[in-house]
Amino acid sequence: MTDQLHPMTPHHLPFYIVKPGETDVLMIVMGIFLILVVLGVGNLYLRLHTLPERMAHKSQKLQFEIVAVLGLLALFTHIHLFWIAGLLLALVDLPDFGTPLRSIAGSVERIADSSDGAVADERWEKKSAPAAAAEKADPSVIKGPHAPKQEVASHA
């Protein structure tokens with residue numbers, strides 16, 4: 001009598017049932033497959049989750065930061081409305097208000113500096129010859145943007 005394991009054991013076992021003491025190859029293959037599937041689905045989920053951030057990366061810095069914060073809120077709170085709001089914000093092309101405002105702020109700063117006397121107005125730097133001659137003749141006369149206005153005689 002050969003291969004007599006147990007009186008109730010069938011003589012032909014399926015391939016997925018291993019004999020005692022042998023390595024279960026199917027279990028090892030399925031374990032590796034399970035690990036790869038979990039890592040693949042996790043990678044797919046994270047790629048889908050960061051989609052709004054990747055879309056907003058090409059836009060303005062403020063818009064990108066808001067989308068990134070909405071993505072983090074969606075990740076940690078599991079409130080999917082944050083992710084949808086971030087996706088919609090990433091899709092919308094916001095107008096650039098920063099550049100004109102920075103230009104206005106720079107111009108106002110230059111005007112403020114010139115009123116302090118640090119930077120003279122370009123119009124007053126180019127003095128006419130008669131005004132320069134009058135200034136040399138009488139140094140008490142103040143010319144320029146800060147000169148006091150002379151009174152005009154009344155016409156009446």
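Residues numbered from 1 in each chain as written. Predicted model: local features only at pLDDT ≥ 70, side-chain atom pairs only at ≥ 80, totals over all residues. Heavy atoms only, no water.

Q: Which residues make up the overall build of the protein, and what values go with them?
A: Within the protein one finds 7 helices and 0 strands. Each helix and strand of the protein, placed in order from N terminus to C terminus, yields the pattern α-α-α-α-α-α-α. When the 156 residues of the protein are sorted by exposure, 9% land in the buried category. Taking all contacts inside the protein whose residues are at least 6 apart in sequence as the whole, residues at least 24 apart take part in 42%. When the accessible surface of the protein is totalled, it reaches about 13,700 Å², and 68% of it is carbon and sulfur. (Helix = DSSP H or I, 4+ residues; strand = E, 2+ residues; numbered from the N terminus. Buried < 20%, exposed > 50% of the residue type's maximum accessible area, 1.4 Å probe, protein only. Contact = heavy atoms within 4.5 Å. Areas by Shrake-Rupley, 256 points an atom, 1.4 Å probe, with all protein chains shown as cover.)

Q: Would you mind going over the confidence of the model for the protein in detail, with residue names and values included?
A: For the protein, the average pLDDT comes to 78, and 67% of its residues sit at 70 or higher. No element of the protein has a lower mean pLDDT than helix α6 (residues 122-125), at 51, and none a higher one than helix α1 (residues 25-49), at 95. (pLDDT = per-residue confidence, 0-100.)

Q: Break down the packing of helix α3 (residues 61-77) against helix α4 (residues 80-91) for me, with residues and values.
A: Two numbers describe how α3 lies on α4: the axes approach to 8 Å, and their chain directions differ by 160°. Comparing their axes, α4 and α3 come out roughly antiparallel. As for how α3 packs across α4, the hand of that crossing is left-handed. Across the interface between the two elements, Gln63, Ile66, Val67, Leu70, Leu73, Ala74 and Thr77 from α3 touch Phe82, Trp83, Ala85, Gly86, Leu89 and Ala90 from α4. Within the contact of α3 with α4, the residues separate by chemical class into 10 nonpolar, 3 polar and no charged. (Axes fitted to C-alpha atoms, helices over the stretch in contact; angles between N-to-C directions. Parallel < 35°, antiparallel > 145°, perpendicular 65-115°, else oblique. Left-handed = near helix turned anticlockwise from the far one by under 90°. Nonpolar A, V, L, I, M, F, W, Y, C, P; charged D, E, K, R; others polar.)

Q: Which residues make up α4, and what are the values?
A: In a regular helix each residue adds 1.5 Å, so 12 residues correspond to 16 Å; α4 covers 17 Å between its end C-alpha atoms and thus fits that length. Within the sequence span of α4, burial applies to Gly86, Leu87 and Ala90. Taken around the axis of α4, the buried residues stretch over an arc of 100°, which confines them to a single face. Turned more than 90 degrees from where α4 packs its buried face, Leu81, Leu88 and Leu91 sit exposed. (Expected span 1.5 Å × (residues − 1). Arc of directions from axis to C-beta.)

Q: Give me the pattern of salt bridges: which residues, what numbers.
A: Tallied over the entire structure, the rule returns 1 salt bridge. The residue Glu65 makes a salt bridge to Lys61 at a minimum N-O spacing of 3.2 Å. Residue Glu65 and its partner Lys61 are both found in helix α3; the two are separated by 4 residues, about one turn of the helix. Look at Glu65 and you get partly exposed, because its relative accessible area is 36%. (Salt bridge = Lys/Arg side-chain N within 4 Å of Asp/Glu carboxyl O.)

Q: An account of the side chain of Gln63 is needed here, citing residue identities and associated values.
A: With respect to the helices and strands, the residue Gln63 is situated in helix α3. Non-local contacts of Gln63, meaning those with residues more than four positions away in its chain, are made with Leu89, Ala90, Val92 and Leu94.

Q: How would you explain a nonpolar patch on the surface if you had to name every residue and give the values?
A: Together, Phe15, Tyr16, Ile17, Leu26, Met30, Phe33, Val37 and Val41 give the surface a local cluster of nonpolar side chains, amounting to about 830 Å² of exposed area. Structurally, Phe15 can be placed in the segment before α1. (Patch = residues over 30% accessible without salt bridge, like charges linked within 9 Å, V, L, I, M, F, W, Y side chains within 5 Å.)

Q: Got a sec to walk through the environment of Ala68? Specific residues and values, please.
A: By the element assignment, Ala68 lies in helix α3. When the C-alpha atoms of Ala68 and Trp83 are compared, they prove to be 9.5 Å apart, with 15 residues separating the residues in sequence.

Q: Describe in detail the side chain of His49, supporting the description with residues and values.
A: Positionally, His49 belongs in helix α1. Look past the residues within four positions of His49 in its chain and what remains in contact with it is Gly71, Ala74, Leu75 and Trp83.

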